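Examination of the molecular architecture
So the chains spell out like this:
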Amino acid sequence: MSRLLTTCLLSIPLWGQSLVNTSCPNQGQAGSTVMCTIGLSLGAGVRIDSLTLAVTVMPNGAAPSLTSGPLIFADSISALFKTTGGTNNSIAVMWGWLTPALSGSPTLGSVVFTLPSPAVNGQVYTVNITGASASLGDNVVNLSASPGSTVGVARPVLTLSP
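Residues numbered from 1 in each chain as written. Predicted model: local features only at pLDDT ≥ 70, side-chain atom pairs only at ≥ 80, totals over all residues. Heavy atoms only, no water.

This part covers the pairing of strand 3 (residues 33-41). By the bridge criterion, five bridges tie strand 1 (residues 19-23) to strand 3 in an arrangement that is antiparallel. By the bridge assignment for strand 3, Ser23 is matched with Thr37. Pairing analysis gives seven bridges linking strand 3 to strand 10 (residues 107-114), with the strands arranged antiparallel. Residue pairing for strand 10: Thr33 is matched across the bridge by Thr114. (Pairing = 2+ DSSP bridges. Helix = DSSP H or I, 4+ residues; strand = E, 2+ residues; numbered from the N terminus.)

Right, dumping it as structure tokens:
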């Protein structure tokens, strides 16, 4: 009985929970550009006027590291500050003094990166929100990060003519 109750409670979303989420394509070809959307899902009545987040793209298993330039953040809402800290696989973005304050489920922008050319079919990259904080005035607003999104490397489709 307690196991059933625990399962039910864990599957019910928390009302008012605020979340930063990623949405990436399932696959991309080696050497191609990938664009992952970063969005907010703020709980009912929750508003924020400042936000900081960090995003990292990590190779899984034997997949090669990102090497073809830094991540890019193409913002949908003008960001105050962006930095990669000199890395090829992470970026931090900050918004401050947003007027009007954000509410609901706005799209913040997209993280853009290039899958390494030496990557082969079946290798996978994970895009994670590695940190997020928000506030409204001097009041901290709690945010959670969604689980990471994965992008698999797919071989190009070859068209043969007879």
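The subject of this paragraph is the side chain of Ser146. Topologically, Ser146 is positioned in the loop between strand 13 (144-145) and strand 14 (149-153). For Ser146, the side chain forms a polar contact with the main-chain nitrogen of Thr22, separated by 3.4 Å. With near-sequence residues (within four places) excluded, Ser146 lies in contact with Leu19, Val20, Asn21 and Thr22. (Polar contact = N/O pair within 3.5 Å; in protein donor to acceptor, adjacent residues only side chain to side chain. Contact = heavy atoms within 4.5 Å.)

Looking now at unusual backbone geometry. Here the residue pair Thr99 and Pro100 is connected by a cis peptide bond, since its omega of -5° sits within 30 degrees of zero. The backbone of Trp97 shows a phi angle near 55°, a positive value even though the residue is not glycine. Along the chain, the position of Trp97 falls in the loop between strand 8 (90-95) and strand 9 (102-103).

Turning to a nonpolar patch on the surface, a few remarks are in order. On the surface, Leu80, Phe81 and Trp97 cluster together to form a nonpolar patch covering roughly 410 Å² of accessible area. Mapping Leu80 onto the fold places it in the loop between strand 6 (72-75) and strand 7 (81-83). Among the residues examined, Leu80 registers a relative accessible area of 46% and is labelled partly exposed. (Patch = residues over 30% accessible without salt bridge, like charges linked within 9 Å, V, L, I, M, F, W, Y side chains within 5 Å. Areas by Shrake-Rupley, 256 points an atom, 1.4 Å probe, with all protein chains shown as cover. Salt bridge = Lys/Arg side-chain N within 4 Å of Asp/Glu carboxyl O. Buried < 20%, exposed > 50% of the residue type's maximum accessible area, 1.4 Å probe, protein only.)

This paragraph deals with the pairing of strand 11 (residues 124-136). Inspection of the sheet shows strand 5 (residues 50-59) paired to strand 11 by ten bridges, in the antiparallel sense. When the bridges of strand 11 are listed, Val55 appears paired with Ile129. Here four bridges tie strand 11 to strand 14, and the two strands are oriented antiparallel to one another. Counted as the bridge partner of Tyr125 is Val151 from strand 14. Count of turn residues in the strand 11/strand 12 (residues 139-141) antiparallel hairpin: two residues, of which Gly137 carries a positive phi of about 65°.

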